[in-house]
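An overview of the molecular structure
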Amino acid sequence: MTRKYEKLLVLDIDNTVFDWVSYYVACLNELFSKVEDITGVPVAQQALESKKVFEEQGSIEYPFLIQELPSIAAHYQGDIDRMLSEAVEPGRLAFKDMAQKHLTAYDGVLETFKTIKDRWPHFPIIALTDAPRYVAMWKLNKLGILHYFDALYGLSDPRIPTDPESKKVKVAPEILYKHLQQSAFDFKGIVRTLPEDYEKPGTRGLKTVLMDHDMEGHFDHVLWVGDNLRKDVGLGRSLGVRTAWARYGTQIEPEIKDALLQFSPELNVHKNVSLDPKSDASPEPDVILDSFSELVAAIDKLI
Ligand SMILES: [Mg+2]
């Protein structure tokens, strides 16, 4: 019996194809500074209040952050339209401007995707991430690599914030429309939104990928790549697929890590980044990558 695909490559996104930590710290701090200029609410206060919002939303990449900060709500005293136009929109643009500079793939990523597609044209490349589906697509699109993926699996889209009293939606209509679009960015591949409890290191997300691609029973032809030893490598090991550890993604400057901790609940950080050093108890990957381009040799050797 022949199966549909001979091999399968499944990639984590954050800190595997680009430096998520540097990008997010730079963009969020730019956003906070902009909002401080407008409202006078200090960056440190916004950062502190953000921890709680991120925790409640189950994602550090919650895109409707500013309108949910108590100090900002207090500043605008229920005038939602004014808050959206005066603070939220300029903040969003400040974030986006910074993203333009920082959303760049690691060295060799684009060339490596091209090489893989040339050498193995029929072998699907899948993105599996704990980031919300829309946010993941937005990032891959800006990185210029979305079209290399045949499918994307992310977690549920962010909750749309509403004012508890007036029930008014606290998002500008054009932004809301973008977020609700299912087939965004002209992506031709499959998009699947997984339930929150499919989050890594749970095995259900990766299992869904394997089932969708008819790879069950052929796990030795699947390579799963991620930067987080405990979550990504651990998950791959427990399912029995081949695993590559993107060690290069764990090299984070201490000051950037500190800046990240200013606004992120500790627990949540682990969703996106591996802050733990390797220990004896860490799961063993089949291969360690010191650059994304080493992936070609790993595919050759392992699957
Ligand atoms: Mg990662």
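Residues numbered from 1 in each chain as written. Predicted model: local features only at pLDDT ≥ 70, side-chain atom pairs only at ≥ 80, totals over all residues. Heavy atoms only, no water.

Considering the pairing of strand β2 (residues 125-132)
Of all eight residues that make up β2, eight are buried, and the element is covered over most of its length. For strand β1 (residues 8-11) and β2, the ladder comprises three bridges, and the chain directions are parallel. Counterpart to V10 in the pairing with β2 is I126. When β2 meets strand β3 (residues 151-155), the two strands line up parallel, connected through four bridges. Bridging from a neighbouring strand, I126 pairs with A151 of β3. Of the crossover connections in this fold, the one passing from β2 over helix α6 (residues 133-143) to the parallel β3 is right-handed. (Buried < 20%, exposed > 50% of the residue type's maximum accessible area, 1.4 Å probe, protein only. Helix = DSSP H or I, 4+ residues; strand = E, 2+ residues; numbered from the N terminus. Pairing = 2+ DSSP bridges. Right-handed = clockwise from strand over helix to strand, strands pointing away.)

What about the packing of aromatic side chains?
Here a ring pair, both rings aromatic, is described through the centre-centre distance and the interplanar angle of the planes. Taken as a whole and assessed by the stated rule, the structure comprises 16 aromatic pairs. Between the aromatic rings of F95 and W138, the centroid separation amounts to 6.4 Å while the plane-to-plane angle is 45°, which identifies the pairing as tilted. Within this pair, whereas F95 is found in helix α4 (residues 80-102), its partner W138 is found in helix α6, the two being separated by 43 residues in sequence. Taken individually, F95 and W138 each receive the classification buried, so the pair is uniform in this respect. (Phe/Tyr/Trp six-rings, centres within 6.5 Å; stacked < 30°, edge-to-face > 60°.)

Description of the side chain of K170
Within the fold, K170 resides in the loop between β3 and α7 (173-180). Polar side-chain contacts of K170 include one of 2.7 Å to the side chain of E68. Discounting chain neighbours no more than four positions away, the residues touching K170 are Q67, E68, I80, M83, L84, P161, T162 and D163. (Polar contact = N/O pair within 3.5 Å; in protein donor to acceptor, adjacent residues only side chain to side chain. Contact = heavy atoms within 4.5 Å.)

What to know about helix α1 (residues 20-39)
Taking 1.5 Å of rise per residue, 20 residues should cover 28 Å, and α1 covers 28 Å from first to last C-alpha, within 8% of that figure. At the N-terminal end of α1, a side-chain oxygen is found 3.4 Å from the backbone nitrogen of V21, two or three residues along, and the residue is D19. Looking one or two residues past α1, G40 carries a phi angle of roughly 80°, positive in sign. (Expected span 1.5 Å × (residues − 1).)

What about the sheet that holds strand β7 (residues 287-289)?
Spatially, β4-β3-β2-β1-β5-β6-β7 is the arrangement adopted by the seven strands of the open sheet, whose pairing is parallel. The sheet is open, and its two edges are formed by β4 (190-194) and β7, each paired on a single side. On average, adjacent strands in this sheet sit at an angle of 20° to one another, irrespective of strand direction. Alignment of β1 against strand β5 (residues 222-226), held across four bridges, turns out to be parallel. In the sheet register, L8 faces β5, and the bridge partner there is V222. This element, helix α9 (residues 229-239), spans β2, β5 and β6 (242-246) of the sheet and lies at about 170° to β6. (Axes fitted to C-alpha atoms, helices over the stretch in contact; angles between N-to-C directions.)

Notes on α6
Most of α6 is tucked away: nine of the eleven residues are buried. Of all the residues in α6, the buried ones are R133, Y134, V135, A136, M137, W138, K139, L140 and L143. Positive backbone phi, approximately 80°, marks G144, located one or two places after α6.

Some points on the pairing of β3
Counted residue by residue, β3 has five buried out of five residues, so it is predominantly covered. Here β3 runs beside β4; their pairing, made up of five bridges, is parallel. In the sheet register, L152 faces β4, and the bridge partner there is V191.

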